[in-house]
Amino acid sequence: MTRSDQPSAVSLQPTGHHPLGAYVHIPFCRQRCHYCSFNTGPYRPAAMDRFLAALLREIDRGGEAEWAGRVTIGTVFFGGGTPSLLEPEELETLLDRLGKRFALAPSAEVTVECNPESLTRDKAEGYRLAGVNRLSLGVQSLDAGLLVRLGRLHSPEEARRAFEAARDAGVDNLSVDLIYGLPDLDLPGWEATVRGALAWGPEHLSAYGLTLDEGSRWHGEGVAGLPDEETVTAQYWSLARLAREAGYEHYEISNYARHGFRSRHNQVYWRAEEYLGLGPGACGFLGGVRYGNVKPVERYCAMLDAGTLPIGTHEILTAAQRKAERRILGLRLSDGVPFAWLEDKAPLVESWKELGLLEVADDRCRLTEAGFLLSDSLFVELLEPRS
Amino acid sequence: MAPPPRIRNFSIVAHIDHGKSTLADRLLALTGAMDPKKAVDQVLDSMDLERERGITIKQHTVCLPNRARDGQEYTLNLIDTPGHVDFSYEVSRSLAACEGALLIVDAAQGVEAQTLANFFLALEANLTIIPVINKIDLPQADVEGTRRQIAEILGLNADDAIPISAKVGTGVPEVLEAIVQRIPPPAGDAAAPLKALVFDSFYDPYQGVVVYVRVFDGRVRRGMPALLMSNGRVYEVQQVGVFTPEMKPVEELSAGQVGYLTAGIKRVADAKVGETITDALRPTRAPFPGYRDAKPMVFAGLYPVEDTAYQSLRDALEKLRLNDSALTFEPETSMALGYGFRCGFLGLLHMEIVQERLEREFGLTLIITSPSVRYRVVTTGGETVEIDNPSRLPPIGEIDHIEEPHVRASIFAPTEFMNPIYRLAQDKRGEHRSLEYLGKRVHITFDFPLAEIIVDFYDRLKSISKGYASLDYDFLEFRPADLVKLDLLLNGDPVDALSVIVHRDKAYEKGKALTEKLRAVIPRQLFEVAIQAAIGSRVIARETVKAIRKNVTAKCYGGDITRKRKLLEQQKEGKKRMKQVGKVEVPQEAFLSVLRS
Ligand SMILES: Nc1nc2c(ncn2[C@@H]2O[C@H](COP(=O)(O)OP(=O)(O)O)[C@@H](O)[C@H]2O)c(=O)[nH]1
């Protein structure tokens, strides 16, 4: 991998085979959740203003590329941080600018991650009118005590109200985020959360097993009461069962959707398609190059003030890496990958089949739900040894 | 050199640490053969490994000029002997080159196991034995008690013992005088056909093998065609000389004399200890009795940790063998450990020395399988095969019975440690032979299967006796035993490097210990791993490594695929040192930790 101090040295040139995704990172929160290691800092209106100005500049800079007029943006995802800190007008400005610099497809999927405490009916409606057609609500749990321990700023009741407000505002594509494997969360507690959230009738559900990554408070300080592997595994399986019974498709390791409501933006990642990364720490993939913006907001703003693209790292994928990535990412989806992509790993495929971790049908290889659960162990085997 | 009547050929023998080297240095200094400082340097130069370990494996033979009290010039040839049980054959050959031996006993320790072993070797060689009581300068020295032991245990005349301090020099002149007075001059006929005994050798890159000889009859000089009677080879003698202790060429060596010769011999294995050298044109009638190939007794697989070091290991072993005729090796492949060599050693110490030299002098890092002995397998077809690698054992159905080598071990210890020693012996399948009370100490002899001795016997003996017990042993014979091959299987596939041959009574215990150990070091896999210890098809111990339940990073946030892939790549890197047994991945450390037990 190449780490370059001169980001301008890399040329980002999309192949344009597919519409691009665009990930926009909003790096502020009112309060950092205790499990969170993402690139986010405390929300201050002035900092937000300065950042938004820089973000517009980044879109402009991107739009200057000679290919900008030739590509279409098919999905936009505002992630964070807490994107629902944005006023509808601010969001509108950003979307307008994206549409002006690049072609935004009329049917584009535009998602905003929302925290329940900052989502009102008015805001949801404002977002919808600005062009947002999908909201992803960070609910995490419906256990009041747990929400406090996680450092969340909302109660289960407020989460439900936020969801209903979005519905009232006419948003017909709603996703809910949940986390299992939380401290002192037992199986009945988890099932209550899942049942509760499914009862709201979201189109989409994401459920992640808790991981304590470096940078999170719990990683640094430690946390008591983490459930054992058996319990976490049981939570995964009960979620899979409850979601299936409620008519959801388990279409990606951690994602469930009603028919026709898969997240198009996330599928861009898993299909190894191209996307822009905008905002501090955002990652992009263009023309075989994976790149990441600098993470500190200050630095990000300063670079754009100075007229440079804020790219901090980039990596030009080798053919072998690309091949490995495509299989690994593709296998995250229930669609799997064409059998031919794994032809050189026939003995592995055979043994995974025997273990019930993988299925082969219609010339495609798919991980089973058991395979999803062990996917990291499987993916390691699909990497090519480093030369 | 003095004429034969004024030559004395002698050795010094002792239990380890009783002062053999110190006395040798003293004698050298006193006769002016070498100044003491230089003596130390010389020994250091040649084999610092021995020095560091405090064991003399090979010392140098030296010819000491000495003016005795009768005013005559004498030549005293000090022939050194290896100081460890692994090398008792070599000791016996060195003693065969002498007429007398100084038997040192530490005045503070008394007679120990190797004192006795060496004493018997000296008796067998018909030597005049001069008992020397050393370290009389120590406050805890018990000269009278030591005298008594010399009389009672060794049956020597206690009045003949010379009390000395090799360290400060007291009594050392008396030792020199006793050598002259008590040890007979060499007999032998200088006019008879040449008959010389090889008692040591070393490899010199310029001259080839330098052979240490004691001439019994005849003479040897440059240009003579020398016949090596055990292998029938003839070499032209290029140089003869003596050790002063530097090598000093002389015209000839004749009956009674000790010195060296070179004859363009390529490997020490071509002129082995115990060999008889004679004149090819006028050969002597019969060679010296007692010649035998130094037979390796202990075997182990040596594998380079890095697969790429195989060739370097081979080269290193070749080099060591130039100078070590007892070391044997042949290529061996292990499913689990890759390519390596099955090596044979005289004993555990020999094995350690070779290992250390390979690692230190050749910079190799090695995995060594647990040491085993050579078994004799008598097949149902009546054939006898020798097996030094458990994984080569024929299938059970073809085995009529197995014989294993036994040793006779002699242990000296204070009486208070008798019980634990008997318990240890029982645990090690020892058969009691004799018990003798010697005041506050006992001398016990047992017959042991060699295999039991080479694993952790000596360390345990030392630890249960607080370091006071001493041990010596000698090969006895092969005896039939109820032995079985214990295989370790991972999901049904045998791990060849971990097979062991054990006594049936111990198989269960061993199998349990090994499976438990493996369970602790084998990481969880996608499937359950059954670890089994089995005799043939019968499983006698089993452990399970449960399948891994989940390993998933659910979130790939904001499309940061690079980070995700790097984490996976790191895991991949970590798997490089895994060896595959069937489908099971076993980390190299797992082998190491099991083999170390
Ligand atoms: N006090 C004392 N120590 C001695 C005497 N002779 C040898 N030693 C010590 O005993 C130890 C072993 O002696 P060494 O000659 O190496 O024994 P070796 O193993 O028989 O060759 C060394 O530390 C010597 O310094 C002696 O006469 N008096």
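(A) Geometry of the overall build of chain B. Scanning chain B for helices and strands turns up 14 helices and 34 strands. In chain B, the proportion of contacts linking residues at least 24 apart, taken out of those at least 6 apart, comes to 69%. Of the roughly 25,500 Å² of accessible surface on chain B, 49% is carried by carbon and sulfur atoms.

(B) A look at the overall build of chain A. On a plain count of helices and strands, chain A comes out with 14 helices and 17 strands. Of all 387 residues assigned to chain A, the portion counted as buried reaches 57%. For chain A, the proportion of contacts with a sequence separation of at least 24, taken over those separated by at least 6, is 71%. Surface summary for chain A: the accessible area is close to 15,600 Å², and the carbon and sulfur share equals 50%.

(C) Structural context of the site of the ligand. Residues and elements named next belong to chain B. Around the ligand there are 15 residues in total, and Asp17, Lys20, Ser21, Thr22 and Asp137 lie nearest to it. Between the ligand and Ser21 there is a distance of 2.4 Å, counted from an oxygen atom to a side-chain nitrogen or oxygen. Burial of the ligand by the protein chains amounts to 75% of its free accessible area of 580 Å².

(D) Looking closely at the sheet that holds strand 16 (residues 358-361) of chain A. Residue and element names in this part refer to chain A. Pairing in this open sheet of three strands is antiparallel, and the strands run 15-17-16 from one edge to the other. Taken across any chain shown, the strands that pair with only one partner, and hence form the sheet edges, are strand 15 (337-338) and strand 16. As judged from the four bridges shared by strand 16 and strand 17 (residues 364-367), these two strands associate in the antiparallel manner. Bridged to Glu359 within strand 17 is Arg366.

(E) View of the pattern of salt bridges. All names here are of chain B. For the structure shown, the criterion picks out 71 salt bridges over all chains. Glu99 serves as the salt-bridge partner of Arg214, at 2.8 Å between the closest nitrogen and oxygen. Taken together, the residues Arg214 in strand 8 (residues 208-217) and Glu99 in the loop between helix 4 (88-96) and strand 4 (100-106) connect sequence positions 115 residues apart. Taken as a pair, Arg214 and Glu99 share a single burial class, namely buried. Linking Arg342 and Glu332 is a salt bridge whose minimum nitrogen-to-oxygen distance equals 3.6 Å.

(F) Local environment of the pairing of strand 19 (residues 338-345) of chain B. Residue and element names in this part refer to chain B. Strand 19 sits mainly inside the fold: seven of its eight residues count as buried. Here strand 17 (residues 298-304) pairs with strand 19 via five bridges, running antiparallel. When the sheet's bridge partners are listed, Leu302 is paired in strand 19 with Phe341. Sheet topology note: the strand 18 (residues 328-334)/strand 19 ladder contains seven bridges and is antiparallel. Looking across to strand 19, one finds that Ser334 is bridged to Gly338. The loop that links strand 18 with its antiparallel partner strand 19 comprises three residues.

(G) Summary view of the interface of chain B and chain A. Between chain B and chain A, the contact holds 31 residues from the first and 48 residues from the second. At the boundary of chain B with chain A, total buried surface from both sides reaches about 3,600 Å², with 57% on carbon and sulfur atoms. The shortest N-O distance in the salt bridge between A:Glu315 and B:Arg565 comes to 2.4 Å. Ranked by residue count, the leading element in the side of chain B that touches chain A is helix 13 (residues 561-574) of chain B, at twelve residues. Considering only residue class, the side of chain B that touches chain A consists of nine nonpolar, seven polar and 15 charged.

(H) Structural detail: a negative patch on the surface. The grouping of A:Glu87, A:Glu89, A:Glu92 and A:Asp96 at the surface amounts to a negative patch. With respect to the helices, strands and loops of the structure, A:Glu89 is situated in helix 2 (residues 88-101).

(I) Focus on the environment of B:Ala107. Residue and element names in this part refer to chain B. Checked against the element boundaries, Ala107 lands in the loop between strand 4 and helix 5 (113-124). Put simply, Ala107 and Asp142 are 35 residues apart on the chain and 5.3 Å apart in space, counted from C-alpha to C-alpha. Excluding its chain neighbours within four sequence positions, the residues that come into contact with Ala107 are Ile133, Asn134, Lys135, Gln140, Ala141, Asp142 and Thr146.

(J) Structural detail: the side chain of A:Ser206. All names here are of chain A. Relative to the helices and strands, Ser206 resides in strand 8 (residues 204-209). The class of Ser206 is buried, set by a relative accessible area of 3%. For Ser206, the side chain forms a polar contact with the side chain of Asn255, separated by 2.4 Å.

(K) Here's a closer look at the sheet that holds strand 11 (residues 233-236) of chain B. Residue and element names in this part refer to chain B. Taken together, eight strands build an open sheet; the order of strands is 11-10-16-7-8-15-12-13 and the sheet is antiparallel. The sheet terminates laterally at strand 11 and strand 13 (247-249), the two strands that pair on one side only. Taking the axes of each pair of neighbouring strands and ignoring which way they run, one obtains an average angle of 40 degrees across the sheet. Two elements, strand 12 (residues 239-243) and strand 13, share three bridges in a ladder whose sense is antiparallel. Looking at strand 13, one finds that Val242 is bridged to Lys248.

(L) Local environment of the environment of B:Thr445. Residues and elements named next belong to chain B. In this fold, Thr445 is placed in strand 26 (residues 441-449). Note on Thr445: relative accessible area 10%, which makes it buried. Considered as a pair, Thr445 and His432 are 13 residues apart in the sequence and their alpha carbons are 6.4 Å apart. Once residues within four sequence positions are removed from consideration, Thr445 is found in contact with Ala409, Ser410, Glu431, His432, Arg433 and Ser434.

(M) Focus on the packing of helix 1 (residues 20-31) of chain B against helix 7 (residues 172-182) of chain B. All names here are of chain B. Interaxial distance between helix 1 and helix 7 falls to 10 Å at its minimum, and their mutual angle equals 85 degrees. The pairing of helix 1 with helix 7 is recorded here as roughly perpendicular in orientation. Taken together, the residues of helix 7 that come into contact with helix 1 (itself represented by Leu23, Arg26, Leu27, Leu30 and Thr31) are Val172, Pro173 and Leu176. Of the residues that constitute the contact of helix 1 with helix 7, the class distribution is six nonpolar, one polar and one charged.

(N) Highlighting the environment of B:Ser230. Residue and element names in this part refer to chain B. Note on placement: Ser230 falls in the loop between strand 10 (225-228) and strand 11. Along the chain, Ser230 and Glu275 lie 45 residues apart, while their C-alpha atoms are 6.4 Å from each other. At 2.5 Å, the side chain of Ser230 forms a polar contact with the side chain of Glu275.

(O) Representation of the packing of aromatic side chains in the model. The tally for this structure, following the rule as stated, stands at 24 aromatic pairs over all chains. On the basis of an interplanar angle of 20 degrees and a centroid distance of 6.3 Å, the ring pair of A:Tyr23 and A:Phe77 is categorised as stacked. Here the residue A:Tyr23 occupies a position in strand 1 (residues 20-26), and A:Phe77 occupies one in strand 4 (residues 72-80), the gap between them amounting to 54 residues. A:Phe77 shares its class with A:Tyr23; the two are buried. Cluster of aromatic residues (ring-pair linked, three or more members): B:Phe199, B:Phe202, B:Tyr212, B:Phe243 and B:Tyr260. Stacked on the ring of B:Phe288, the Lys or Arg B:Lys195 has its end atom at 4.7 Å from the ring centre. Of note, B:Arg376 hangs over the ring of B:Phe478, and the distance from its end group to the ring centre comes to 4.0 Å.

Cut-offs and rules
Residues numbered from 1 in each chain as written. Chains lettered and ligands numbered in written order. Predicted model: local features only at pLDDT ≥ 70, side-chain atom pairs only at ≥ 80, totals over all residues. Heavy atoms only, no water. Helix = DSSP H or I, 4+ residues; strand = E, 2+ residues; numbered from the N terminus. Contact = heavy atoms within 4.5 Å. Areas by Shrake-Rupley, 256 points an atom, 1.4 Å probe, with all protein chains shown as cover. Buried < 20%, exposed > 50% of the residue type's maximum accessible area, 1.4 Å probe, protein only. Near = heavy atom within 4 Å. Polar contact = N/O pair within 3.5 Å; in protein donor to acceptor, adjacent residues only side chain to side chain. Pairing = 2+ DSSP bridges. Salt bridge = Lys/Arg side-chain N within 4 Å of Asp/Glu carboxyl O. Buried area = accessible area lost by both parts, 1.4 Å probe. Nonpolar A, V, L, I, M, F, W, Y, C, P; charged D, E, K, R; others polar. Patch = residues over 30% accessible without salt bridge, like charges linked within 9 Å, V, L, I, M, F, W, Y side chains within 5 Å. Lys, Arg positive; Asp, Glu negative; His and termini not counted. Charge placed at Lys NZ, Arg CZ, Asp CG, Glu CD. Axes fitted to C-alpha atoms, helices over the stretch in contact; angles between N-to-C directions. Parallel < 35°, antiparallel > 145°, perpendicular 65-115°, else oblique. Phe/Tyr/Trp six-rings, centres within 6.5 Å; stacked < 30°, edge-to-face > 60°. Lys NZ or Arg CZ within 6 Å of the ring centre and 35° of its normal.

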